[in-house]
Amino acid sequence: MKDEQIHILISREKRSYFFASLCSAIAALSMFYKVFQNDLYLKILKFPWFAFVVILLILGNTVHGFFAFKSYNELVEDSDLNKVKSIKKVYYKSFLVNFLVPYIVLILLFIFIKEFLIAFIAVILFSIMSFGCYYFDLKPTMNLK
């Protein structure tokens, strides 16, 4: 791969990681704020699953944002393609564990409380997000030579 193409790839990846870390931080802060703004913490007594899911979502977003920012900092201008690919793999492992697993638990919570329409919509959004990330971000980068 040419140096100019690598430079463009690194710039695009850094922008993507920075945006992901920013979105994760905003999402975690927004969820934390909403818990206290709407007195949702009082529902913990009635629904222990609710507390588990909310804490998992906040922690998952925070840790995912940390790994995204870590990936942003690891990419430097003189990185080669193999380093870009290895950073992308670590980022997506973090994405699976810290971001997608809490949303699967959230979907299970919706099913548990018999909110099937919301669970169905969440499954559709989860599927679109998962397949979109794989086919439009991970797979093209891993296929580069």
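These figures come from a predicted structure and were not determined experimentally.

Some remarks on the nonpolar core
Turning to step 1, where the next piece is worked out: By size, the foremost hydrophobic cluster in this structure holds 19 residues, and its most contacted members are L75 and Y91.
Turning to step 2, where the next piece is worked out: Looking at this core, the elements that each hand over two or more residues are α1 (3-37), α3 (81-112) and α4 (116-142).
Turning to step 3, where the next piece is worked out: Take this core: its biggest share by element is 9 residues, from α3.
Turning to step 4, where the next piece is worked out: Apart from residues no more than four positions distant in its own chain, Y91 is found in contact with Y17, A20, H64, A68 and S71.

Things to note about the packing of aromatic side chains
Turning to step 1, where the next piece is worked out: Tallied over the full model, the rule gives 11 aromatic pairs.
Turning to step 2, where the next piece is worked out: Between Y91 and Y92, the aromatic rings sit 5.3 Å apart at their centres with planes inclined by 85 degrees, giving edge-to-face as the arrangement.
Turning to step 3, where the next piece is worked out: Looking at Y91, the relative accessible area reads 7%, which means it is buried.
Turning to step 4, where the next piece is worked out: Here F95 and F99 contribute two aromatic rings whose centre-to-centre distance is 5.2 Å and whose plane-to-plane angle is 20 degrees, an arrangement assigned as stacked. Of this pair, F95 and F99 both sit in helix α3, 4 residues apart, which is roughly one turn of that helix.
Turning to step 5, where the next piece is worked out: A relative accessible area of 7% places F95 in the buried class.
Turning to step 6, where the next piece is worked out: On the accessibility criterion, F99 (14% relative accessible area) is buried.

Topic: α1
Turning to step 1, where the next piece is worked out: Over its 35 residues, α1 runs 50 Å from end to end, which matches the ideal 51 Å to within 8%, given 1.5 Å per residue.
Turning to step 2, where the next piece is worked out: Burial in α1 covers these residues: I6, L9, I10, E13, K14, Y17, A20, S21, S24, A28, M31 and V35.
Turning to step 3, where the next piece is worked out: Contacts from the buried residues of α1 go to α2 (48-74), α3 and α4.
Turning to step 4, where the next piece is worked out: Backbone geometry just downstream of α1 places D39 in the positive-phi region, at approximately 55 degrees.

Considering the side chain of K88
Turning to step 1, where the next piece is worked out: Tracing the backbone through its elements, the reader meets K88 in helix α3.
Turning to step 2, where the next piece is worked out: One polar contact links K88 to D137, side chain to side chain, over a distance of 2.9 Å.
Turning to step 3, where the next piece is worked out: Beyond its immediate sequence surroundings of up to four residues, K88 is in contact with E13, Y17, D137, L138, T141 and M142.

Cut-off values and rules
Residues numbered from 1 in each chain as written. Predicted model: local features only at pLDDT ≥ 70, side-chain atom pairs only at ≥ 80, totals over all residues. Heavy atoms only, no water. Core = buried A, V, L, I, M, F, W, Y, C linked by side-chain atoms within 4.5 Å. Buried < 20%, exposed > 50% of the residue type's maximum accessible area, 1.4 Å probe, protein only. Helix = DSSP H or I, 4+ residues; strand = E, 2+ residues; numbered from the N terminus. Contact = heavy atoms within 4.5 Å. Phe/Tyr/Trp six-rings, centres within 6.5 Å; stacked < 30°, edge-to-face > 60°. Expected span 1.5 Å × (residues − 1). Polar contact = N/O pair within 3.5 Å; in protein donor to acceptor, adjacent residues only side chain to side chain.

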